[in-house]
Amino acid sequence: MTKQEMIDLYVETNDFHEVKQKSGLPPYLVHIILTQAGVLKIQDKIKYGNHSQKMGGEAEALFQKLVPEAIDANRQFMKNNPVYDFVYRNLTIDVKYSSAHTRKCYKTDTIAWQINAKGSQDIIVAFLEREKGAELNEPYILLIPMNFVDVKKDLHISKSGVWFNEFQVKADDLEMILDSYAGLLEE
């Protein structure tokens with residue numbers, strides 16, 4: 001079975017185990033192939049991914065819970081689009097997760113995060129770990145329209161910075177704010 005046949009079978013069936021069984025490859029190789037193709041669905045990312053992929057998948061699942069009308073791009077579109085994870089009305093949304101890490105700043109330790117801001121999505125929704133080890137237990141949520149991102153690279157976020165202080169939203173307000181942005185684009 002070729003890589004493309006494996007990818008096509010997964011997209012058709014959404015069944016990791018079937019692809020593993022029919023390909024005869026060990027799970028880690030199937031996982032690598034499907035991850036590189038960008039087609040691994042949220043639950044499989046959580047179940048079979050490394051910690052970073054698992055947390056990214058859980059962040060996507062949390063986003064889907066908070067914005068149930070959002071369309072999962074990997075599930076609904078036959079071809080993988082590596083630029084974004086969801087479509088909500090007319091907005092493309094890339095969901096990110098970042099663990100908290102400690103960095104030295106002016107002789108004191110401070111919590112910081114980092115997310116990738118590459119791509120042509122309309123909005124990034126970032127779930128930031130509140131404190132080391134908390135993962136997605138009451139994460140900080142940032143909603144960053146790409147119009148504000150002037151450099152397409154990693155964004156470094158700290159509690160004293162603009163990204164954290166001006167783009168933070170409450171979980172209960174996320175869908176309403178996305179509605180407002182979608183309305184702007186429809187005018």
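On a predicted model such as this, the values are computed, not experimentally measured, just so you know.

**Digging into the overall build of the protein chain**
Here is step 1 of the chain: Counting its regular elements, the protein chain contains eight helices and nine strands.
Here is step 2 of the chain: Relative to its full complement of 187 residues, the protein chain shows a buried share of 42%.

**Focus: the packing of aromatic side chains**
Here is step 1 of the chain: By the definition in use, this model includes six aromatic pairs.
Here is step 2 of the chain: Geometrically, the ring pair formed by tryptophan 113 and phenylalanine 164 is stacked, given 5.4 Å between the ring centres and 0 degrees between the ring planes. Of the two residues, tryptophan 113 sits in strand 5 (residues 108-116) while phenylalanine 164 sits in helix 7 (residues 162-166), which places them 51 residues apart along the sequence.
Here is step 3 of the chain: Residue classification places phenylalanine 164 among the buried residues on the basis of a relative accessible area of 7%.
Here is step 4 of the chain: Relative to phenylalanine 167, the ring of phenylalanine 148 has its centre 5.1 Å away and its plane inclined at 70 degrees; by these criteria the two rings are edge-to-face. In this pair, phenylalanine 148 sits in the loop between strand 7 (140-145) and strand 8 (154-158) while phenylalanine 167 sits in the loop between helix 7 and strand 9 (168-169), placing the two residues 19 residues apart along the sequence.
Here is step 5 of the chain: Looking at phenylalanine 167, the relative accessible area reads 10%, which means it is buried.
Here is step 6 of the chain: Chaining the aromatic ring pairs together yields one cluster made of Trp113, Tyr140 and Phe164.
Here is step 7 of the chain: Across the ring face of tyrosine 140, the terminal group of arginine 130 is positioned such that the distance to the ring centre comes to 4.1 Å.

**Some points on the side chain of serine 23**
Here is step 1 of the chain: If you trace the backbone, serine 23 turns up in helix 2 (residues 16-23).
Here is step 2 of the chain: The residues contacting serine 23, other than those within four sequence positions of it, are Met1, Met6 and Val30.

**Things to note about helix 5 (residues 51-66)**
Here is step 1 of the chain: Its 16 residues place the ends of helix 5 22 Å apart at the C-alpha level, agreeing with the 22 Å of an ideal helix rising 1.5 Å per residue.
Here is step 2 of the chain: Looking only at helix 5, the buried set comprises Met55, Gly56, Gly57, Ala59, Glu60 and Phe63.

**Digging into the nonpolar core**
Here is step 1 of the chain: Counting residues in hydrophobic clusters, the biggest one holds 21 residues, and the most contacted among them are Phe63, Ile93, Val125, Phe127, Leu174 and Leu178.
Here is step 2 of the chain: A total of four residues in this core trace back to one element, the largest contributor, which is strand 3 (residues 91-98).
Here is step 3 of the chain: The contacts of isoleucine 93, once residues within four sequence positions are left out, are Phe63, Tyr84, Asp85, Phe86, Tyr88, Ile123, Val125 and Leu178.
Here is step 4 of the chain: Core analysis: the next-biggest nonpolar cluster, separate from the first, contains 17 residues, Ala126, Leu128, Phe164 and Phe167 among them.

**Digging into the confidence of the model for the protein chain**
Here is step 1 of the chain: Summarising the model, the protein chain shows a mean pLDDT of 84, and 84% of its residues fall at 70 or more.
Here is step 2 of the chain: Taking the mean pLDDT of every element in the protein chain, the minimum, 64, falls on helix 4 (residues 42-48) and the maximum, 96, on strand 6 (residues 123-128).

Conventions we followed
- Starting afresh in each chain, residues are numbered from 1 along the sequence in its written order.
- Reporting in this predicted model follows two pLDDT cut-offs: at least 70 for local features of residues, and 80 or more for side-chain atom pairs to be given and counted; totals over whole chains, interfaces and linings ignore these cut-offs and use all residues.
- Side-chain metrics in this entry use all non-hydrogen atoms of the structure; hydrogen atoms and water are not considered.
- Under the DSSP-based scheme used, a helix requires at least four consecutive residues in state H or I and a strand at least two consecutive residues in state E, with every element numbered from the N terminus.
- Residue burial is assigned from relative accessible area. The probe radius is 1.4 Å, only protein chains are included, and a residue is buried under 20% of its type maximum, exposed over 50%, and partly exposed in between.
- Any two rings among Phe, Tyr and Trp, with Trp reduced to its six-membered ring, count as a pair given centres within 6.5 Å; such a pair is stacked if its planes are under 30 degrees apart, edge-to-face if over 60, and tilted if neither.
- For a ring to carry a charge above it, either NZ of a lysine or CZ of an arginine must fall within 6 Å of the ring centroid while also lying within 35 degrees of the normal to the ring plane.
- Note on contacts: a residue pair qualifies if any of its non-hydrogen atoms lie within 4.5 Å across the two residues.
- For a helix, the expected span equals 1.5 Å multiplied by the residue count minus one.
- Note on terminology: a nonpolar core comprises buried Ala, Val, Leu, Ile, Met, Phe, Trp, Tyr and Cys residues joined through side-chain atoms within 4.5 Å.
- A residue's pLDDT is the confidence the predictor assigns to it, expressed on a 0 to 100 scale.

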